[in-house]
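As a plain string of letters, each chain reads:
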Amino acid sequence: MEGTSVEQTAEAGAPAPIRVLLADDQALLRSAFKVLVDSEPDMQVVGEASDGAQALVLARERRADVVLMDIRMPGTDGLAATRLISADPELAGVRVVMLTTFEVDEYVVQALRAGASGFLGKGAEPEELLNAIRIAAAGDALLSPAATKGLIASFLAQGGGGAEDGPVAGALHAERLAGLTGREREVLVLVAAGLSNDEIAGRLEVSPLTVKTHVNRAMAKLGARDRAQLVVIAYESGLVRPRGEDGRARAQ
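Residues numbered from 1 in each chain as written. Predicted model: local features only at pLDDT ≥ 70, side-chain atom pairs only at ≥ 80, totals over all residues. Heavy atoms only, no water.

Novice: Honestly, the environment of leucine 58 in this entry has me stumped. Any pointers?
Specialist: Along the chain, the position of leucine 58 falls in helix H3 (residues 52-61). It is 6.7 Å that separates the C-alpha atoms of leucine 58 and glycine 47, two residues lying 11 residues apart in sequence. Residues in contact with leucine 58, not counting those within four places in the same chain, are Leu21, Glu48, Ala49 and Arg63. (Helix = DSSP H or I, 4+ residues; strand = E, 2+ residues; numbered from the N terminus. Contact = heavy atoms within 4.5 Å.)

The following block contains the structure:
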């Protein structure tokens, strides 16, 4: 399978399967993920890596669409590998979904800042994992349902997201925000609050397609790879800050 292109193996007229790379230092866990992923007709495992350095090489060699990346690995860990993948123009189409032992984890914000499209707890249900791969591959990466609302705000409050933690990055983001329209800023605030396109559409009384257009334009103007990066930028720029015990995002 390694030397065969997906296009050759796909049925005529059928979309090519999502090419998945597994990066985890636990062979048993990789085997379990491989069985699960390969059981789906719309995806296939194209490689396995036991550390971040190998993941970087295989992501390029195997033309992976999505990398399931463990954060904690010996040598080059998942965070470092994700930064390298995100910084490589040749791998611009690769999406990284971070796997964590505990979803409420101090590494979550670091993972998103490194360029991950989202994260998922290793204890997630099989269907959640498969859906995460599909969402990431579609370019509409989202944080996992259990983490979306409030969790990122809580971590950024504790781990200090916002311009004061990265004055240079914060200033750059703030400068880019000046290029957004009023509606795009409004949508960005709601994205940072963890709302889906459908929820934002209901809030603003517009169509989900219109919301998606605003989100895509905001990503292009801010240089964000995906929705998860928009969340980080919204907080690092100071546009949004968590307030109150509910951890909900508040626009500045």
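Resuming the write-up.
Novice: Mind showing me how you'd approach the sheet that holds strand S1 (residues 18-23) here?
Specialist: Within a sheet, neighbouring strands are paired by backbone hydrogen bonds and run either parallel or antiparallel to one another. A sheet is described by the order of its strands in space; here 5 strands give the open sequence S2-S1-S3-S4-S5, paired in parallel fashion. Since the sheet does not close on itself, it has two edges, and those belong to strand S2 (43-49) and strand S5 (118-121), each with one partner. Between one strand and the next, the sheet's axes are offset by a mean angle of 25°, whatever the strand orientation. Here strand S4 (residues 95-100) pairs with S5 via 4 bridges, running parallel. For methionine 98, the partnering residue across the bridge sits in S5 and is phenylalanine 119. (Pairing = 2+ DSSP bridges. Axes fitted to C-alpha atoms, helices over the stretch in contact; angles between N-to-C directions.)

Novice: I tried to follow unusual backbone geometry on my own but got confused; where do I start?
Specialist: Leaving glycine aside, a negative phi is the common case for residues, and trans is the common case for peptide bonds. In this structure, arginine 63 takes a positive phi of about 55° despite not being glycine. In this fold, arginine 63 is placed in the loop between H3 and strand S3 (66-70).

Novice: Would you explain the pattern of salt bridges in this entry?
Specialist: For side chains bearing opposite charge, pairing can occur when the charged atoms are close. For the structure shown, the criterion picks out 8 salt bridges. One salt bridge connects lysine 221 with glutamate 184, and the closest N-O pair in it is separated by 2.9 Å. With lysine 221 in helix H12 (residues 208-222) and glutamate 184 in helix H10 (residues 182-192), this pair connects stretches of sequence that are 37 residues apart. Taking relative accessible area as the criterion, lysine 221 reaches 36% and is therefore assigned partly exposed. Classification of glutamate 184 as buried rests on a relative accessible area of 3%. When salt bridges that share partners are traced, they join Glu40, Asp42 and Arg134 into one network. (Salt bridge = Lys/Arg side-chain N within 4 Å of Asp/Glu carboxyl O. Buried < 20%, exposed > 50% of the residue type's maximum accessible area, 1.4 Å probe, protein only.)

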